[in-house]
Amino acid sequence: MHKLNNFIAIIPLLFLGYDKFISCDEYEIRDLYSNWSLKNQSSSTEIVVGRLPVGVYTALKSQYGDVLDSKNDVDLRWIAKENWTFTNKFSLNKSEYQSVRCVNLTLHGVDTVANIRLNGKVIGTTNNMFVRYSFNVIPYLQEENTLEIQFLSPLWAANHSAAALEANNINTPPKCPNEREKSECHRNMLRKMQASFGSGWNPAVPSVGIWKPVHLEAFDVAIMRDVDIAINRNDTHWIMDIRVFLSTGVKENFYGELMLYAPELLDQPLNTSRQDLNYVSPILELEVPIPKEKVELWWPNGYGAQKLYPLLFSMNCWIADARPKRLAKTISKKVLHVGFRTIELVENLDVWGRTFYFKVNGHPIFMKGANYMPVHILPELSADERRMRYVLKAAKQSHMNMIRVWAGGLYESDTFYNTADEFGLLVWQDMTFSDATYPVTDEFVESVRVEAVQNAKRISYHPSLAIIVTNNEIEWYLTRNRTDFGYDAERLDDEYKKLFLGTIKHELNVITRQKFSPRPGPMMSTPSIGVEEVKKDIPADPQTINYGDVHFFEDEKDGCNPDIYPRARFVSEYGWQSLPVMSSWNRTLGTGDTVVGLMKHRQHDPKYFGPMMQLIARHLPFKPSEWENDVENFVYFSQVAQAMAVKTATELFRSQRAHNHTMGAIYWQLNDVWVAPTWSSIDYYGNFKILYYWSKNFLKPYAIFALYDSKNKGLNITLVRDEVTEQRDARVYDVTMNTFLWSKLYLQKNITWQFILESNSISQNIKQIDDIIKEPYNVNNCFLEFVLSEPETGNILASTWFFPSTVSKAIGLVDPEIKATLSSATCTSSKTSYSLTILVNYPALFVYIELQHHRIVNYTLSDNGFVQVVPAKMVHIEYQETECITITMANIKILTMNQFMSGTTSTSGSATTSTTTTTAMPSDTTVTTASPITSSVDIDVDLIS
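Here the residue index of a chain counts from 1 through its sequence in written order. Predicted model: local features are reported for residues with pLDDT of at least 70 only, side-chain atom pairs are reported and counted for 80 or more only, and whole-chain, interface and lining totals are derived from all residues. Hydrogen atoms and water are omitted, and side-chain values are computed over all heavy atoms in the structure.

Peer 1: Teacher, can you tell me more about the pairing of strand 20 (residues 283–291) here?
Peer 2: Each regular strand carries side chains that alternate between the two faces of the sheet. The rule is simple: take the accessible area with a 1.4 Å probe, protein chains only, and divide by the maximum for that residue type; under 20% is buried, over 50% is exposed, in between is partly exposed. Helix and strand definitions here come from DSSP, where helices need a minimum of 4 consecutive H or I residues and strands a minimum of 2 consecutive E residues; each element is numbered from the N-terminal end. In strand 20, alternate side chains face the same way, and those of Leu284, Leu286, Val288 and Ile290 are buried while those of Ile283, Glu285, Glu287, Pro289 and Pro291 on the opposite face are not. Sheet topology places strand 16 (residues 237–248) next to strand 20; nine bridges connect them, and they run antiparallel. By the bridge assignment, Met240 is partnered in strand 20 with Val288. The pairing criterion for strands is at least two bridges between them, as found by DSSP.

Peer 1: What am I meant to see in the state of the cysteines here?
Peer 2: Cysteine sulfurs are considered disulfide-paired once they come within 2.5 Å of each other. Inspection of the entire model under this criterion finds two disulfides. In this model, Cys176 is linked to Cys185 through a disulfide, with the two sulfur atoms separated by 2.0 Å. When the S-S torsion is 110 degrees, as for the bridge of Cys176 with Cys185, the disulfide is right-handed. Each bonded cysteine of the protein chain is numbered by sequence order, and under that numbering the disulfide pairs are 1-2, 3-4. Take Cys782: it sits in no disulfide, and the sulfur closest to it among the cysteines is that of Cys560, at 18 Å. Cys782 gets classed as buried once you look at its relative accessible area, which sits at 0%.

Peer 1: What am I meant to see in the environment of Ser281 here?
Peer 2: Here Ser281 shows up in the loop between strand 19 (275–277) and strand 20. Looking at Ser281, the relative accessible area reads 47%, which means it is partly exposed.

Peer 1: How should I be thinking about the sheet that holds strand 25 (residues 363–365) in this particular structure?
Peer 2: Hydrogen bonds along the backbone pair up the strands of a sheet, which may run parallel or antiparallel. Read from one edge to the other, the open sheet built from three strands follows the order 23-24-25, with strand pairing classed as antiparallel. Both edges of this open sheet fall to strand 23 (343–346) and strand 25, since each of them pairs with a single strand only. Pairwise comparison of adjacent strand axes, ignoring direction, gives a mean angle of 35 degrees for this sheet. The sheet contact formed by strand 24 (residues 357–360) and strand 25 spans three bridges and is antiparallel. Looking across to strand 25, one finds that Val360 is bridged to His363. Working convention: axes come from line fits to C-alpha atoms, limited for helices to the stretch in contact. Angles between N-to-C directions cover 0 to 180 degrees.

Peer 1: Please explain the sheet that holds strand 8 (residues 110–111) as it appears in this structure.
Peer 2: Spatially, three strands are ordered 5-13-8 in an open sheet, and the strand pairing comes out antiparallel. This sheet does not close on itself; its edge strands, each paired only once, are strand 5 (54–55) and strand 8. Sheet analysis places strand 8 next to strand 13 (residues 209–210), joined by two bridges and oriented antiparallel. From the neighbouring strand, Val110 faces strand 13, where its bridge partner is Ile210.

Peer 1: Can you help me understand the pairing of strand 32 (residues 664–667) in this one?
Peer 2: Of the two faces of strand 32, the one carrying Gly664 and Ile666 and the one carrying Ala665 and Tyr667 are both buried. Here four bridges tie strand 26 (residues 367–372) to strand 32, and the two strands are oriented parallel to one another. Note that in strand 32 the partner of Ala370 across the bridge is Tyr667.

Peer 1: In this structure, what is going on with the pattern of salt bridges? I would like to understand it.
Peer 2: Side-chain pairs of opposite charge can arise whenever the charged atoms involved come near each other. Salt bridges are defined by distance alone: a side-chain nitrogen of Lys or Arg within 4 Å of a carboxyl oxygen of Asp or Glu. Applying the stated criterion across every chain, the model contains 47 salt bridges. Arg569 is the salt-bridge partner of Asp350, the closest N and O atoms lying 2.6 Å from each other. In this pair, Asp350 is assigned in the loop between strand 23 and strand 24 and Arg569 in the loop between strand 30 (550–552) and strand 31 (571–574), connecting sequence segments 219 residues apart. What makes Asp350 partly exposed here is its relative accessible area of 24%. In this structure, Lys368 and Asp722 form a salt bridge, with 3.5 Å as the shortest nitrogen-oxygen distance. Here Asp722 lies in the loop between strand 34 (714–721) and strand 35 (730–741) and Lys368 lies in strand 26, a separation of 354 residues in the sequence. A relative accessible area of 3% places Lys368 in the buried class. Look at Asp722 and you get buried, because its relative accessible area is 3%. Because the salt bridges share partners, they merge into one network encompassing Asp228, Asp241, Arg513 and Arg519.

Peer 1: Even after reading the chapter, I still don't get the packing of helix 15 (residues 631–655) against helix 16 (residues 690–698), so can you show me in this structure?
Peer 2: Packed helices, taken two at a time, are described by their axes: the angle between them and the distance between them. For the pair helix 15 and helix 16, interaxial distance at closest approach is 8 Å and the crossing angle is 25 degrees. Taken together, helix 15 and helix 16 sit at an angle that is classed as roughly parallel. Helix 16 is crossed by helix 15, and the crossing has right-handed handedness. Judged by residue contacts, Tyr636, Gln639, Val640, Gln642, Ala643, Met644, Val646, Lys647, Thr650, Glu651 and Arg654 of helix 15 engage Ile690, Leu691, Trp694 and Phe698 from helix 16. Grouping the amino acids of the contact of helix 15 with helix 16 by side-chain chemistry returns nine nonpolar, three polar and three charged. Each angle is binned into one of four classes, with values under 35 degrees roughly parallel, values over 145 roughly antiparallel, values of 65 to 115 roughly perpendicular, and all other values oblique. Take the far helix as the reference: if the near one is turned anticlockwise from it by less than a right angle, the crossing is left-handed, and if turned clockwise, right-handed. In this analysis, two residues are considered to be in contact whenever any of their non-hydrogen atoms come within 4.5 Å of each other. Residues are grouped as follows: Ala, Val, Leu, Ile, Met, Phe, Trp, Tyr, Cys and Pro are nonpolar; Asp, Glu, Lys and Arg are charged; every other residue, Gly included, is polar.

Peer 1: How should I be thinking about the packing of aromatic side chains in this particular structure?
Peer 2: Aromatic rings from Phe, Tyr and Trp, taking only the six-membered ring of Trp, are treated as a pair when their centres fall within 6.5 Å; an angle between ring planes under 30 degrees marks them as stacked, one over 60 as edge-to-face, and anything in between as tilted. Counted according to the given criterion, the structure contains 49 aromatic pairs. Considering the side-chain rings of Phe433 and Tyr438, the 5.2 Å spacing of their centres and the 80 degrees angle between planes classify their relative orientation as edge-to-face. The pair Phe433 / Tyr438 is uniform in exposure class, with both members buried. On the basis of an interplanar angle of 55 degrees and a centroid distance of 5.7 Å, the ring pair of Phe740 and Trp801 is categorised as tilted. A residue pair is termed long-range when its members are at least 10 positions apart, and Phe740 in strand 35 and Trp801 in strand 39 (residues 796–803) qualify at 61 residues. Owing to a relative accessible area of 4%, Phe740 belongs among the buried residues under this scheme. Taken together, the ring pairs connect Tyr608, Phe609, Phe622, Trp627, Phe634, Tyr636, Phe637, Tyr848 and Phe900 into an aromatic cluster. Over the ring of Phe433 we find Arg191; its NZ or CZ atom is 3.7 Å from the centre of that ring. Whether a charge sits over a ring depends on NZ of Lys or CZ of Arg being within 6 Å of the ring centre and within 35 degrees of the ring normal. One residue, Arg480, lies across the ring of Trp476, its end atom 4.8 Å from the ring centre.

Structure (structure tokens):
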């Protein structure tokens with residue numbers, strides 16, 4: 001047994017005058033992380049398992065294989081159909097607990113339906129994987145103890161719950177998913193990660209296990225569970241509005257005393273003195289003013305630093321009037337890091353409807369980001385710090401400032417929110433209810449109530465938490481299926497309001513404040529009509545573009561056509577499918593598998609490969625109907641098409657931010673839980689798709705976009721400056737349009753204009769196509785580059801490409817005659833790196849580099865999927881393995897779009913160029929003559945006649 005000494009080293013000797021307070025002993029905690037065994041109900045399988053956290057799929061991996069390999073998502077489904085028991089044996093000295101009133105067995109995460117037995121006695125049950133369960137076990141403890149957690153099959157439990165409702169003629173749709181998803185039915189019956197049952201992009205892996213720690217806690221009266229710190233400010237001070245939430249096992253009121261150490265904020269520790277606390281709902285509240293001059297602001301990524309201040313809370317609780325004796329186990333401690341910032345969701349009436357934007361530290365911020373998936377489909381592996389930091393660091397490095405934690409996943413680990421705080425990634429937190437109706441039985445509603453309270457209290461203090469939304473797409477689900485529901489429609493609406501408005505939203509008040517709003521929300525659903533919803537019943541159209549947020553997945557349309565995208569207030573989901581790199585597929589294959597067969601097995605989209613193939617066929621020189629015989633090239637084309645579409649959508653949304661019209665673009669999705677056709681930009685193994693490399697450009701704080709405007713038959717050139725300044729300023733910037741021929745390597749012509757751009761704003765200008773593309777150039781033989789730079793220094797801030805015609809109609813695109821060499825290999829304990837030099841004689845379109853080595857799991861490139869219009873370009877390759885692994889050119893595959901236009905075969909060697917990306921006019925566009933728009937500076941240098 002050891003003491004919980006989780007406080008930081010910078011605090012100790014500063015405050016020696018408080019020895020009277022700290023003389024009592026801390027509560028004791030024993031982590032039951034080892035010595036577990038596992039067996040199924042028939043005892044035909046019985047093994048010793050490793051340390052917690054652990055689940056059945058994880059424990060059986062060495063015996064039956066990884067559930068994410070081959071077709072194991074289906075072949076190992078039998079695991080979820082059985083009942084399983086985890087057993088732990090531990091010894092203790094009972095005399096150590098004679099002086100305490102409470103010894104709790106606390107299970108921080110049990111997945112999902114289980115009976116808990118201690119020494120043969122049932123001490124409790126669980127039915128919600130998102131809830132922390134604590135049981136007082138003093139009556140059951142012995143010198144030698146056996147703890148058993150007996151799990152019911154989640155599939156049986158879900159079907160049993162559904163059958164019980166149906167027996168009473170209660171319909172709770174959906175019953176079962178589309179057959180192509182290979183998913184399980186009745187996911188809405190259990191408070192379990194909804195993605196565990198499968199969906200249109202992820203496998204069904206109905207997990208069973210202990211996904212968070214199990215602790216034995218010994219304390220006298222109460223312990224500190226959570227601390228919510230809401231930040232407010234006035235003219236002279238920041239105010240930390242603090243609520244300390246306690247957990248107690250006694251049935252009488254008691255005393256509490258809090259000591260707060262904040263060495264960077266307070267000259268002396270703060271002591272609340274004795275407080276009278278009610279055992280029914282023990283909360284200690286206080287306000288701590290901090291002079292403004294002592295505080296450095298916390299900013300979202302790209303707008304400033306993410307200063308975090310450490311706070312140590314030490315709580316002493318006792319019952320008698322006299323202070324507790326030494327060794328009384330009355331003290332609990334907690335360390336938090338807080339950031340000082342204000343955040344609000346502004347929904348003001350305007351000429352279109354209502355705004356929907358986040359204001360941070362008084363400034364409107366355009367939210368750029370992606371939807372975050374758990375880093376593993378198995379919950380016990382979802383808190384892996386290395387994988388999590390890798391994905392969130394990638395988000396930060398691509399200039400994102402918001403991550404949406406999707407409702408089909410989890411309330412993430414403390415490590416996740418701490419990392420988001422550190423990286424400046426605001427978190428849009430969905431609660432874990434998605435695209436379904438849910439039962440409103442007393443047991444279910446009570447479980448949800450506890451879930452809402454516990455998780456809100458745990459995450460609310462983080463400066464990264466921007467908003468909590470009670471569900472994903474349920475209002476949209478109810479409205480678009482109302483006819484199918486028939487007579488049940490009204491009942492389902494009422495049950496929805498009872499569960500989400502009457503229970504969840506009400507319980508989230510535990511983190512609200514009467515005097516000010518420390519954080520937006522909670523919002524009822526996404527998509528939504530925002531604040532307008534409080535005036536009405538469930539909205540007739542949650543997807544209205546003039547209020548709230550929308551989701552967009554009309555993938556039967558041309559994703560490279562800006563006209564198809566909604567001019568909405570905030571777009572919290574949109575995306576296009578693509579395929580992971582070949583090395584990831586090869587790593588996933590089982591005996592007898594083929595890549596084609598596995599791709600078909602894992603394509604869960606009810607529309608199959610249709611939207612992906614259609615998008616490719618519209619723009620690129622590839623025959624999707626022949627993909628089974630050309631699978632490696634299919635991977636390449638799918639990634640190019642995805643990047644083109646998401647780039648077009650994101651740039652369109654960012655270009656609509658004038659007057660706060662559109663103020664958010666959160667694409668679907670950032671990362672993956674397996675190797676499959678999905679909407680991700682980072683695959684399961686951490687390899688970046690072309691979309692990710694392009695996003696590092698189209699999400700830049702300084703950006704330039706060139707989008708075809710069909711209404712004006714011109715080119716809409718948008719400059720973006722996401723920069724907050726103390727005083728709004730305006731600066732002059734150069735925009736240079738470079739004209740290239742497909743048949744010639746070097747720049748043919750350039751024109752420079754000057755634009756004025758204010759801080760935290762955009763500037764736009766329409767250029768007629770016929771005015772900027774003139775003979776001898778036409779829409780098929782040339783392409784354009786737009787460069788944003790500083791006039792004084794010439795420093796390039798951003799650039800983008802514009803293709804006047806679809807790539808498949810380009811004239812003059814020839815074999816670029818690529819030559820590539822590897823050099824400058826270095827290997828350290830943390831990474832191996834190479835430099836790849838690419839030489840070309842003609843423009844190389846969408847140069848794609850893939851590293852293929854069976855021992856290298858993932859790698860990163862300095863650029864990929866780029867356009868090369870210079871003779872030589874260097875690309876840096878990095879990968880992290882436990883040893884130095886040498887690669888040669890034989891391990892590098894290089895593709896360009898040129899070879900498919902010119903008929904050449906696949907290339908060995910590659911090239912790369914600037915970090916700019918591409919936009920094309922829609923495939924059905926016709927260009928007509930229009931009047932030119934003049935600009936302040938017009939320099940036309942014709943380099944080649």
